[in-house]
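# Per-entry structural report
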Amino acid sequence: MAVWEAYRRVKANKGGAGVDGESMAEFEVDLKANLYKLWNRLSSGSYFPPPVRAVEIPKRDGSSRTLGVPTVADRIAQTVVRGYLEPDVEPVFHEDSYGYRPGRSAHQALRVCRERCWRNDWVLDLDIRAFFDSVPWELILKAVAHHSDLRWILLYVERWLKAPLQREDGSLVWRDRGTPQGSAISPLLVNMFMHYALDLWLGREFPSVQFERYSDDVLVHARSENQARYLRDAIAKRLAECGLELNEQKTRIVYCKDDDRRGSYEHTSFDFLSYTFRPRMSKSRFGKHFVNFSPAVSSEASKRMRRVMRRWGVARRSDKTLTDLALMFNKKLQGWINYYGKFYKSMLYPVFRHFNELLVMWAMRKYKRLRRHKGRARRFIADVSRRQPGLFAHWRWGVRPDGWTMGAR
């Protein structure tokens, strides 16, 4: 049953409550009745989505982006429709579209981008202004209609697009375009729109040009600065035809500088999927050092991880043991390692050294003999890491407080 399978996927993805305040646990109190009611409304065409709870997420430039949180029932309904649409559209999507697709990942996009930066001197780093607030509904619906002749799917997609946002004060924001980030159906709709607005167009107009796209995040490779400028102007015109605007201030032409690429240029780095690509010192398998254009965890992502660590209040948890702390935080630490430790992992070491220092502060608070003796506290934590090197995820990875770290990049 499609509704039951959609419920299982939504439960696995977790997520907060929508405007009705109902959590997944509360929805499951009368699960069978709730799922049957949802199925009945979907199948009869009488399902009308409630408003989407608007959550403001601050951005690093001081502005904010709006995250939309649908209700639990609405997320299940959207997942039902996605389950019908996705098998039809997945086979036609471009091979260089990586975002929110089965069998595709951010790491694949990063790896392909790195290799293409080695082969091409220039990158066009595109920024689409207010993408999720600007996508024209008529073009999304046109793409959906192209791939499905089921009228109920088109009906519900249109209703979700038109559902208002509800602010924290209860006021409603009505829209005439855009699709809120955070909904279950939005990533697929974005991929469908961008497939026709950009991916196919690039393949038709510039068949030799390579690119990577992760949702609305797009990088285009160029052989020369002149070609990059020409591509920027052509893409800006194309996006305008599709109701979007290129952010000229944030769109940059980047030189992939390395040992073989000399000269001084305005931009020699760019961020993609929380990694920064820039010239870095590397070592060949023969032991020779050279400058390579490579990705590593971005400074913004590093700052973000440190902020999260500080919010954990490790030093104040003197009622806990080190084993308790490992159980509390290892899942998050391992998740960071899995994502940010894939390329040039030594740039991630300082983040985990910061966590080791938080453990030192914890030891100074917990044990009277270590108070006001930071050196002793460091030695205490280092001794524990030698006895139990697998206690914390980053210790297993090699960033231990006794000074030893893995050297391979």
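Above this text you will find the structure in question.
This text gives an overview of the structure that appears in the document.

Analysis parameters
Residues numbered from 1 in each chain as written. Predicted model: local features only at pLDDT ≥ 70, side-chain atom pairs only at ≥ 80, totals over all residues. Heavy atoms only, no water. Pairing = 2+ DSSP bridges. Helix = DSSP H or I, 4+ residues; strand = E, 2+ residues; numbered from the N terminus. Salt bridge = Lys/Arg side-chain N within 4 Å of Asp/Glu carboxyl O. 1 Å grid on protein atoms, 1.4 Å probe; cavity = no way out; pocket = protein on both sides within 12 Å on 5 of 7 lines; lining within 4 Å. Points joined across faces, edges and corners; volume = space filled by probe spheres on them. Nonpolar A, V, L, I, M, F, W, Y, C, P; charged D, E, K, R; others polar. Buried < 20%, exposed > 50% of the residue type's maximum accessible area, 1.4 Å probe, protein only. Patch = residues over 30% accessible without salt bridge, like charges linked within 9 Å, V, L, I, M, F, W, Y side chains within 5 Å. Areas by Shrake-Rupley, 256 points an atom, 1.4 Å probe, with all protein chains shown as cover. Axes fitted to C-alpha atoms, helices over the stretch in contact; angles between N-to-C directions. Disulfide = S-S within 2.5 Å.

### As for the sheet that holds strand S5 (residues 172–173)
- Spatial ordering of the open sheet is given by S2-S1-S4-S5, a layout of four strands whose pairing is mixed. One side of each edge strand has no neighbouring strand; the edge strands of this open sheet are strand S2 (64–69) and S5.
- Bridge count for strand S1 (residues 52–58) against strand S4 (residues 165–166) is two bridges, and the pairing is parallel. Paired with Val-52 across the strands is Leu-165, a residue of S4.

### Thoughts on the pattern of salt bridges
- On inspection of all chains with the given rule, the structure shows 20 salt bridges.
- Close ionic contact of Arg-101 with Glu-90 constitutes a salt bridge, the shortest N to O distance being 3.0 Å. With Arg-101 in the loop between helix H4 (72–89) and helix H5 (106–119) and Glu-90 in the loop between H4 and H5, the pair connects residues that are 11 residues apart, well separated along the chain.
- Within the structure, one salt-bridge network assembled from shared partners comprises Asp-96, Arg-116 and Glu-212.

### Overview of empty space enclosed by the protein
- According to the stated counting rule, one finds one cavity of 30 Å³ or more in the structure shown.
- What the largest cavity holds in volume is close to 80 Å³.
- In terms of lining, the largest cavity is formed by Val-52, Asp-74, Gln-78, Trp-160, Leu-161, Thr-179, Pro-180, Ser-183, Ile-185 and Leu-189.
- Going through the elements one at a time, H4 and helix H8 (151–162) are the ones with two or more residues in the lining of the largest cavity.
- In terms of residue class, the lining of the largest cavity is built from six nonpolar, three polar and one charged.

### Overview of unusual backbone geometry
- For Ala-130, which is not glycine, the phi dihedral falls at a positive 45 degrees.
- Among the structural elements, Ala-130 can be located in the loop between strand S3 (122–126) and helix H6 (131–134).
- Of note, Arg-372 is a non-glycine position whose phi angle comes to about 65 degrees, a positive value.
- With respect to the secondary-structure elements, Arg-372 resides in the loop between helix H13 (349–366) and helix H14 (374–387).
- A residue is classified by how much of its surface remains accessible, and Arg-372, at 76% relative accessible area, is exposed.

### Here's the deal with a nonpolar patch on the surface
- Residues Met-1, Trp-4, Tyr-36 and Trp-39 make up a contiguous nonpolar surface patch of roughly 490 Å² in combined accessible area.
- Overall, Trp-39 belongs to the partly exposed group, its relative accessible area being 36%.

### Comments concerning the sheet that holds strand S10 (residues 275–283)
- Spatial strand order, S9-S10-S11: three strands in an open sheet with antiparallel pairing. What marks the edges here is a single partner per strand, and that holds for strand S9 (270–272) and strand S11 (289–297). The average undirected angle you get between the axes of adjacent strands in this sheet is 50 degrees.
- Bridging between S9 and S10 involves three bridges; their strand directions are antiparallel. Within the sheet, the bridge partner assigned to Phe-272 lies in S10 and is Tyr-275.

### So, the state of the cysteines
- Summed over the entire model, instances satisfying the criterion amount to zero disulfides.
- Unpaired in terms of disulfides, Cys-117 finds its nearest cysteine sulfur in Cys-256, a separation of 3.9 Å.
- Taking the relative accessible area as the measure of exposure, Cys-117 reaches 0% and is therefore buried.
- Among the residues examined, Cys-256 registers a relative accessible area of 0% and is labelled buried.

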